[in-house]
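Letter by letter, the chains look like this.
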Amino acid sequence: MKIGNLVWLGRFFKMLATATLGGLLSVVPQPSAAQVRTWTAADGRQLQAEIVSYHGAEVVLKTKRGNFAIPFADFSRTDQAWVRTWKAVQKQPQLTPEGTSPLLPPSKRYQRSPGNFEDLELGKWPTFVAVDRDKLQIETVSEDWNAKQYVYRSPHFEFHSPVRLSAGVVREFSRLFEATFEMMKAMPIGLDPQPSGEGFHLTKLYASEEDYFAAGGVRGSAGMFAFGGQPGSSFSNVIHVPLTSLGVENVGSRIVVDKKKGSNTLIHEITHQLTGRWLPVLPTWFVEGIAETVSSQKYDHGRFNLTTMDRAVRDDVSRYARDGRDFPMVNLTELMSISNHQWKAALAASEGRSTHYPSANLLFYYFLRLEGQGDGEALVNYLKAIRSGQREADARDEFLLKGATYADLEKDVELKWRIKGLHLAFH
């Protein structure tokens, strides 16, 4: 925290303890949804306040003693990031109760919709996205030796570690996270990968695989994304991952990163986190499909190569093709309406994992770059409709099926992938 912030926070908390409402700011209207959080002074004093508005250079906070206008520049970096995220959410239209989430109970639903479709250029893809290790800024937020809690930040992610890590080690593995963020941001369909919490996507690290498994990690997995909790709550929507999965290991007295460590599974989970605000309103095939599409792309040391995206998906799915020729794809009537519970049940079956994930990958990528003019227009219109509150099933019929039958859609999916060198057999 900068010295200017220390001075201001001290004055601010002292001012709140002695001032009256009339002497500071006239009352402004209360927002429709409460955003109460803790604002902390450098000396440890804390204040529970609700953000009311952010316009120009000032943030208005509502406290028990009244409303106060505070210069934005005087907030800590964490508070500034939180305010920006809050402001971005306020700009988005609110979903109707019916359309908020057909997939989750009311207690788990987000009250405001995600996405940003302004100035979107359909079909405009870069040839690659990359994160330069030497230019990647890493911040050490806190180090508590007694509690064994260490917090580090890259531009968009916050890492909570049980062991002390150097900035170089964090910089090395955070390239994977930041590159995935850039990949999602570059995808020209308006996803807008904003965090659901206080300005950063959170990752909880574990010293060993056994610690990870003891905390609920699935054996055999390199990491997992835990979705849940209310937006803005501590450690909701977090990636859990053992340091070993990131290639972090002890070599003598040093902690280093194995640059050859595989990353596909983690990219899948990071993609889930980056679509976190969409999860309550999107169907399972989309959620898993986008994660598979992103994780199947060619990634190497902080760089995604996007010149061979078709081939990357095809090659990934071809591993599951019968005799290396026909892939047994799940029929679209089932795939496009499958629930999360049904998905998990299918994965528990002997062949579910080798059919459902690749099928979702092929279907999502079809709408992303193969359907119609190849610019993802139908997919974008589908997302816009869902964001506006339309029921997912209705948006699917109108913008993805476009009045056709599932059998008709299967024929076009099969044709487009056959042109790309992959044969499908729906079942």
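Structure shown above.
Residues numbered from 1 in each chain as written. Predicted model: local features only at pLDDT ≥ 70, side-chain atom pairs only at ≥ 80, totals over all residues. Heavy atoms only, no water.

## Side note on the pattern of salt bridges
Formally: Any carboxyl oxygen of Asp or Glu that lies within 4 Å of a side-chain nitrogen of Lys or Arg is treated as forming a salt bridge with it. Using a 1.4 Å probe on the protein chains alone, a residue whose accessible area is under 20% of its type maximum counts as buried, one over 50% counts as exposed, and one in between counts as partly exposed. Secondary structure elements follow DSSP: runs of H or I of four or more residues count as helices, runs of E of two or more count as strands, with numbering from the N terminus.
Applying the stated rule across the entire model yields 15 salt bridges. Residue Glu158 is joined to Arg153 by a salt bridge in which the shortest nitrogen-to-oxygen separation is 2.5 Å. Judged on exposure class, the residue Glu158 and its partner Arg153 are both buried. When the shortest N-O distance is used, the salt bridge between Glu371 and Lys402 registers 2.7 Å. Residue Glu371 is located in the loop between helix H10 (352–370) and helix H11 (377–387), and its partner Lys402 is located in the loop between helix H12 (392–401) and helix H13 (406–419); the two are separated by 31 residues in the primary sequence. You can call Glu371 buried: its relative accessible area is 9%. Residues participating in the shared-partner salt-bridge network are Arg133, Asp134, Glu172 and Arg175.

## Here's the deal with the sheet that holds strand S5 (residues 128–130)
Stated precisely, the cut-off is as follows: When DSSP finds two or more bridges between two strands, those strands count as paired. We call two residues in contact when some of their heavy atoms are within 4.5 Å. Axes here mean lines fitted to C-alpha atoms, for a helix over just the part in contact, with angles spanning 0 to 180 degrees between N-to-C directions.
Across the sheet, three strands lie side by side as S5-S15-S14; this open sheet has antiparallel pairing. With one partner strand each, in any of the chains shown, S5 and strand S14 (298–299) form the two edges of the open sheet. Along the sheet face, helix H3 (residues 167–186) touches S5, S14 and strand S15 (303–305) and points at about 145° away from the line of S5.

## A closer look at unusual backbone geometry
Working note: non-glycine residues mostly have negative phi, and peptide bonds are mostly trans. The backbone phi angle of Asp119 is positive, close to 55°, even though this residue is not glycine. Counting through the fold element by element, Asp119 comes out in the loop between helix H2 (77–90) and S5. One non-glycine residue, Asp192, lies in positive phi territory at about 55°.

## Some words on the side chain of Glu392
Definition in use: Identification of polar contacts relies on pairs of N or O atoms within 3.5 Å, with a donor-acceptor requirement for protein atoms, meaning one able to donate a hydrogen and the other able to accept it, and with residues adjacent in sequence counted only if both atoms are side-chain atoms.
Of note, Glu392 is situated in helix H12. Of note is the side chain of Glu392, whose polar atom sits 2.6 Å from the side chain of Arg396.

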